[in-house]
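# An overview of the molecular structure
Here are the chains, one letter per residue:
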Amino acid sequence: MPELPEVETVRAGLNRLIVGKRVLAVTSDTPKSFPNAEADVKQFLVRAEIIAVKRRAKVLIIDLSGAYSLIIHLKMTGQLVFQGKGVHFGAGHPSDSLINPLPDKSTRVIFDFTDGSKLFFNDQRKFGWVRLLPTIEIPNLDFFKKVGPEPLSDDFTWQIIKERLLRRKGTNVKAALLDQSVVAGVGNIYADESLWGAKIHPTTIVAKLTDKNFKDLHKALRDVLQLSIDKGGSSNHTYVDAEGKKGSYMTFANVFRREGQPCPRCGTIIVKTRVAGRGTHLCPHCQKLT
DNA sequence: CACTTGACCTGTCCGC
DNA sequence: TGCGGACAGGTCAAGT
């Protein structure tokens, strides 16, 4: 599921909903989704206060009092759903809200707060995880040492996306975009959407891209990520935000999961292929292989 | 070394 | 209706 816009939407929601709360108890399916030893959870997580909720790439970082942090990766089907006062289950928009009561069979971790509210980590496919570690150790994790720049940061220029992509100059541009060490946070949806926006065929070898391609891709990627954040992310079936609500970006998608439909730009029928081992959507007229 | 493929899991959908 | 296989928004380890 979650790529940069979805994780950012969850982050913003949690930052609003759980900062200042104190952890009362934690139950989990340890070690699968939460591999820390029970003793460490008891010592460094129980009784800790939530200080801030941050994001780097597709990873959530929840800083706790006591110089520890929770690191959470939602992978394909992870959810973080808060329930407590001020957030009414299914309220307002029944069709946009989580229908099943929590916990359900996908619930892997439950955080109980001292005010009676709860945070559920659900993950159907069990690829995601929660880890507790000293805040100071986060930058030393292999993932954070090698992860690329944030594409929405002010200093992310077209020259930077060019330089980063050229680290994978022998491969196709879609595989390079999906590589988290090249650029942070891009996944299958926004790779396809941004390549369509920049009129670049996904199998184009990076070394063959022109400066115009890099400029167009830089703009298309930032535009599509920002639009999706504004729409609360993309929801297929498993993604929901911290209040259990779905995002609406898929309504605005131009090619992703729109095979058989006309390209919004030229009317040519969108096709689905396989690139870099992933389902890939493109307009065969707008995105010519050069 | 650079790049590609398989594995991790569960659930759903599609063809026979 | 049942069954097998492909596929699903991500990332590693292992393979070529």
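Our structure's up above, just so we're on the same page.
Here we summarise the structure given alongside this text. As the structure is a prediction and not an experimental result, all values here were calculated from the model.

How each quantity is defined
Residues numbered from 1 in each chain as written. Chains lettered and ligands numbered in written order. Predicted model: local features only at pLDDT ≥ 70, side-chain atom pairs only at ≥ 80, totals over all residues. Heavy atoms only, no water. Near = heavy atom within 4 Å. Polar contact = N/O pair within 3.5 Å; in protein donor to acceptor, adjacent residues only side chain to side chain. Pairing = 2+ DSSP bridges. Helix = DSSP H or I, 4+ residues; strand = E, 2+ residues; numbered from the N terminus. Axes fitted to C-alpha atoms, helices over the stretch in contact; angles between N-to-C directions. Contact = heavy atoms within 4.5 Å. Parallel < 35°, antiparallel > 145°, perpendicular 65-115°, else oblique. Left-handed = near helix turned anticlockwise from the far one by under 90°. Nonpolar A, V, L, I, M, F, W, Y, C, P; charged D, E, K, R; others polar. Core = buried A, V, L, I, M, F, W, Y, C linked by side-chain atoms within 4.5 Å. Buried < 20%, exposed > 50% of the residue type's maximum accessible area, 1.4 Å probe, protein only.

### Things to note about the protein's contact with DNA strand B
- In the vicinity of DNA strand B, the contacting residues are Lys32, Lys105, Gln124, Arg125, Lys126, Phe127, Arg168, Gly170 and Thr171.
- For DNA strand B, the backbone makes up 67% of the atoms found within 4 Å of the protein, where backbone means sugar plus phosphate.
- Here a phosphate oxygen of DNA strand B and a side-chain polar atom of Arg168 are 3.1 Å apart.
- Side-chain polar atom of Thr171 to a phosphate oxygen of DNA strand B: 2.7 Å apart, as the coordinates give it.

### A word on the sheet that holds strand E3 (residues 59-64)
- Pairing in this open sheet of four strands is antiparallel, and the strands run E2-E3-E4-E8 from one edge to the other. At either end of the open sheet lies a strand with only one pairing partner, and these are strand E2 (50-56) and strand E8 (129-134). If you compare each strand with its neighbour and ignore which way they point, the axes differ by 20° on average.
- Sheet topology places E3 next to strand E4 (residues 68-73); five bridges connect them, and they run antiparallel. When the sheet's bridge partners are listed, Ile61 is paired in E4 with Ile71.
- The strands that helix H1 (residues 4-17) touches are E2 and E3; relative to E2, the one it contacts most, it runs at about 170°.

### Brief notes about the packing of helix H6 (residues 188-197) against helix H7 (residues 211-230)
- Where H6 contacts H7, the two axes come as close as 8 Å, and the packing angle between them is 130°. Between H6 and H7, the crossing angle belongs to the class labelled oblique. You can see that H6 and H7 cross each other, and the crossing is right-handed. Here H6 contributes Tyr190, Glu193, Ser194, Leu195 and Gly197 to the contact with H7, which in turn contributes Leu217, Ala220, Leu221, Val224, Leu225 and Ser228.
- Class assignment for the residues of the contact of H6 with H7 results in seven nonpolar, three polar and one charged.

### Some thoughts on the nonpolar core
- Residues Ile18, Phe34, Leu45, Leu64, Leu70, Leu80 and Phe111 are the most contacted members of the largest nonpolar core, which totals 30 residues.
- Secondary structure elements with two or more residues in this core: H1, E2, E3, E4, strand E5 (78-83), strand E6 (107-113), strand E7 (118-123) and E8.
- Residue contributions to this core peak at four residues, all from H1.
- Counting residues in each nonpolar core, the second largest holds 28 residues, with Leu165, Ala176, Val182 and Ala191 among its members.

### Remarks on the environment of Gly232
- Within the element layout of this structure, Gly232 appears in the loop between H7 and strand E9 (271-275).
- Each C-alpha atom of the pair Gly232 and Leu119 lies 19 Å from the other, and the pair is 113 residues apart in sequence.
- Excluding residues that lie within four positions of it along the chain, Gly232 makes contacts with Thr9, Tyr239 and Gly247.

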